[in-house]
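# Remarks on the overall topology
Here are the chains, one letter per residue:
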Amino acid sequence: MVQGGGAALHMAHLVTGGQPESSPAGPADDLPRHDDFDVVTRAIELLSLLAACLLLAWQLPRLAQHGALTAWWTLPLALLAVLAADFISGLVHWFADTWFDESVPVLGPRFLRPFRVHHVNPETFLTRDFVDTNGDVAMLTIPFLLLVFGLPLETAWGQAAGLFLVALSAAALPTNQVHQWAHMARPPRWVAWLQYWGLILSGNAHRRHHEPPHVANYCIATGWCNPVLSAVDFFPRLERLVTRLTGLQPRQDDQQYLERFASAEEERA
Ligand SMILES: [Zn+2]
Ligand SMILES: [Zn+2]
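Just so it is clear, the model here is predicted, and its values are computed rather than measured. (Residues numbered from 1 in each chain as written. Chains lettered and ligands numbered in written order. Predicted model: local features only at pLDDT ≥ 70, side-chain atom pairs only at ≥ 80, totals over all residues.)

## A short note on the overall build of the chain
Selection criterion: Think of it this way: any DSSP run of H or I at least four residues long counts as a helix, any run of E at least two long counts as a strand, and we number them from the N terminus. In this scheme every C-beta is placed from the backbone, and a residue whose C-beta has 20 or more other C-beta atoms within 10 Å is buried, one with 12 or fewer is exposed, and one in between is partly exposed.
For the chain, the helix and strand inventory stands at twelve helices and zero strands. Starting at the N terminus, the α and β elements of the chain follow one another as α-α-α-α-α-α-α-α-α-α-α-α. Across the 269 residues in the chain, those meeting the buried criterion constitute 34%.

Rendered as structure tokens:
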């Protein structure tokens, strides 16, 4: 069982001292690790990062030119976009943790496997460099930033929609970096300050997600949506709806991962 003694011991070993920490050697050596991607994938990740930053730098003056950065609704709408970015980070994370397995073509090895690996070996996330950590999210923000070119910024609704999309993209862009910082025992001082004041996801808030069966605190951008979604039982309700509509059972693959590596550790003990 996932919540059984072996798995619980195993996860306690992985998530140590309040925050997951890196260890130089030991049982974690036998656990699955983050895959190294080929040079083409890395080039795409780097180009995605550059394109997303360039598009952000392009769209901000366009919004300013049309008064969208100084309107009375600018701040509340930007905050709403930050909340939306956090909510979307939770939805994407929940989807990847909960459904299908790594045998799904393209999506499986590229998108689902990293989430499975992350639950059984969170430490390996700390070995990913800046481009590898942030490239995929940058790629996802590009369509939203391109969409702003199609909006009529001379109209009020065009300005509001443009501001929302740019703020959403800006808040979403560092999501995986924020996630990686939440795994660091000693993040940079300015990051720790942001975490302390709840402006980005903290290690303590994210630690709850890493307690089996990994069903709490899916949101990993600011983490602001987590308490509300937990209070209304949002993801369990959504899972029951998906199961009723499709017959799919949640976390089957994730549970197999946990059981496989928990039993491997029991054999070593
Ligand atoms: Zn997860
Ligand atoms: Zn994590």
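## As for the nonpolar core
Inclusion rule: Any set of buried Ala, Val, Leu, Ile, Met, Phe, Trp, Tyr and Cys residues joined through C-beta atoms within 7 Å is what this text calls a nonpolar core. Any pair of residues counts as being in contact when their C-beta atoms, constructed from backbone geometry, are within 7 Å of one another.
Formed by 35 residues in total, the largest nonpolar core has its most connected members in Val166, Leu168, Ala171, Ala172, Val178, Leu201 and Ala221. Contributing elements (two or more residues each) for this core: α2 (39-65), α3 (74-98), α5 (130-147), α6 (156-172) and α7 (175-183). Not counting chain neighbours up to four residues away, the residues in contact with Leu201 comprise Val178, His179, Ala182, His206, Ile220, Ala221, Thr222 and Gly223. Counting five residues, the second largest nonpolar core, distinct from the first, contains Val117, Val120, Leu258 and Phe261.

## As for α6
Since the α-helix advances by 3.6 residues per turn, residues separated by three or four positions end up pointing in the same direction. As a reminder of what qualifies: Given the number of residues in a helix, its expected span is that number minus one, multiplied by 1.5 Å.
Here α6 contains 17 residues, and its C-alpha end-to-end distance of 24 Å stays within 8% of the 24 Å for a straight helix at 1.5 Å per residue. Among the residues of α6, those classed as buried are Gln159, Gly162, Leu163, Leu165, Val166, Ala167, Leu168, Ser169, Ala171 and Ala172. Elements that come into contact with the buried residues of α6 comprise α2, α3, α5 and α7.

## Describing helix α4 (residues 107-120)
Under the convention used in this document: Given a residue, its bend is the angle between the two axes fitted to the seven residues that end at it and to the seven that start from it.
The end-to-end C-alpha distance of α4 is 19 Å, a good match for the 20 Å that 14 residues give at a rise of 1.5 Å each. Maximum bend of α4: about 40°, positioned at Arg113, with proline Pro114 one to four residues after it. Those residues of α4 lying buried are Leu112, Arg113, Phe115, Arg116, Val117, His118, His119 and Val120.

## Examining the packing of α5 against α6
Definition in use: Fitting a line to C-alpha atoms yields each axis, with helices limited to the stretch in contact; the angle taken between N-to-C directions then spans 0 to 180 degrees. Under this scheme an angle from 65 to 115 degrees is roughly perpendicular, one under 35 degrees roughly parallel, and one over 145 degrees roughly antiparallel; angles in between are oblique. Following the grouping adopted for this structure description, the nonpolar residues are Ala, Val, Leu, Ile, Met, Phe, Trp, Tyr, Cys and Pro, the charged ones are Asp, Glu, Lys and Arg, and the polar ones are all others, Gly among them.
α6 packs onto α5 with a crossing angle of 170° between their chain directions and a minimal axis gap of 9 Å. As judged from the angle between their axes, α5 and α6 are roughly antiparallel. Packed against α5, whose contacting residues are Val137, Thr141, Phe144, Leu145 and Leu147, the element α6 presents Leu165, Val166, Leu168, Ser169 and Ala172 at the interface. Grouping the constituent residues of the contact of α5 with α6 by class yields eight nonpolar, two polar and no charged.

## Description of the confidence of the model for the chain
Put simply, the test is: pLDDT runs from 0 to 100 and stands for how confident the predictor is about each residue.
Per-residue confidence for the chain gives a mean pLDDT of 87, with 86% of residues at or over 70. Counted against residues more than four places away or in other chains, residues 1-27, with its pLDDT under 50, gives 50 contacts.

## Description of the environment of Leu153
Among the structural elements, Leu153 can be located in the loop between α5 and α6. For Leu153, a count of 19 C-beta atoms within 10 Å gives the class partly exposed. Along the backbone, Leu153 and Arg62 are 91 residues apart, and their C-alpha atoms lie at a distance of 8.3 Å. Those residues in contact with Leu153, other than ones at most four positions away along the chain, are Arg62, His66, Gly158, Gln159 and Gly162.

## Here we look at the packing of α5 against α7
Where α5 meets α7, the closest approach of the two axes is 7 Å, and the angle between their N-to-C directions is 145°. Each of Thr133, Asn134 and Val137 in α5 lies in contact with α7, whose residues at this interface are Thr175, Asn176, Gln177 and Gln180. Considering only residue class, the contact of α5 with α7 consists of one nonpolar, six polar and no charged.

## Thoughts on the environment of Asp136
Structurally, Asp136 can be placed in helix α5. Given 18 C-beta atoms within 10 Å, Asp136 falls into the partly exposed group.

## A few points about unusual backbone geometry
A cis amide bond, omega 5°, links Pro212 with the succeeding residue Pro213. Checked against the element boundaries, Pro213 lands in the loop between α9 (203-207) and α10 (226-231). One non-glycine residue with positive phi stands out, namely Asp233, at about 60°. Residue placement: Asp233 occurs in the loop between α10 and α11 (234-246).

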